[in-house]
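Residue-level structural notes
If you want the building blocks of each chain, they are given just below.
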Amino acid sequence: MAVNPIEMQKALGGVNYPASKKEIVDQAQKHKADKKVMDALKSLPEKEYDSPAAVNKEVGKG
């Protein structure tokens, strides 16, 4: 899934790491992330993420 990394970082602004998938998705919704970003985040595995880089890495696998 090709997601613009800049849009992803904007969506994740303000997340306190480590963060759960739910916390990450909730924060992206507050930032009104676009559909591609939201779809990518909603498809993440249920686990704790320790940094924005960890989220990007997991999204990159999808």
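To keep things clear, this report deals only with the structure shown in the data block.

1. Focus: the overall build of the protein chain
In terms of helices and strands, the protein chain carries four helices and two strands. Each helix and strand of the protein chain, placed in order from N terminus to C terminus, yields the pattern α-β-α-α-β-α. In summary, the protein chain has a C-alpha radius of gyration of 10 Å against a globular reference of 11 Å for 62 residues, a match within 12%. For the protein chain, the spread of C-alpha atoms along the three principal axes comes to 25 × 25 × 15 Å.

2. Looking at the pattern of salt bridges
Per the stated rule, a full pass over the model turns up six salt bridges. In this structure, Glu58 engages Lys47 in a salt bridge whose closest nitrogen and oxygen atoms are separated by 3.2 Å. Of the two residues, Glu58 is situated in helix H4 (residues 52-61) and Lys47 in the loop between helix H3 (35-42) and strand S2 (48-49); the sequence distance between them amounts to 11 residues. Three or more residues joined by partner-sharing salt bridges are found here, namely Lys47, Glu58 and Lys61.

3. Some points on the nonpolar core
As a rule of thumb, soluble globular proteins bury nonpolar side chains together. Among the nonpolar cores identified, the biggest contains 18 residues, and Met8, Leu12, Ile24, Val37, Leu41, Val55 and Val59 are the most heavily contacted of them. In terms of residues, this core owes the most to one element, H3, which gives four residues. Ignoring anything within four residues of it in the chain, the contact list for Leu12 reads Tyr17, Ile24, Leu41, Pro52 and Val55.

Each value, and the rule that gives it
- Residues numbered from 1 in each chain as written.
- Predicted model: local features only at pLDDT ≥ 70, side-chain atom pairs only at ≥ 80, totals over all residues.
- Heavy atoms only, no water.
- Helix = DSSP H or I, 4+ residues; strand = E, 2+ residues; numbered from the N terminus.
- Rg over C-alpha atoms; globule rule 2.2 N^0.38 Å.
- Salt bridge = Lys/Arg side-chain N within 4 Å of Asp/Glu carboxyl O.
- Core = buried A, V, L, I, M, F, W, Y, C linked by side-chain atoms within 4.5 Å.
- Buried < 20%, exposed > 50% of the residue type's maximum accessible area, 1.4 Å probe, protein only.
- Contact = heavy atoms within 4.5 Å.

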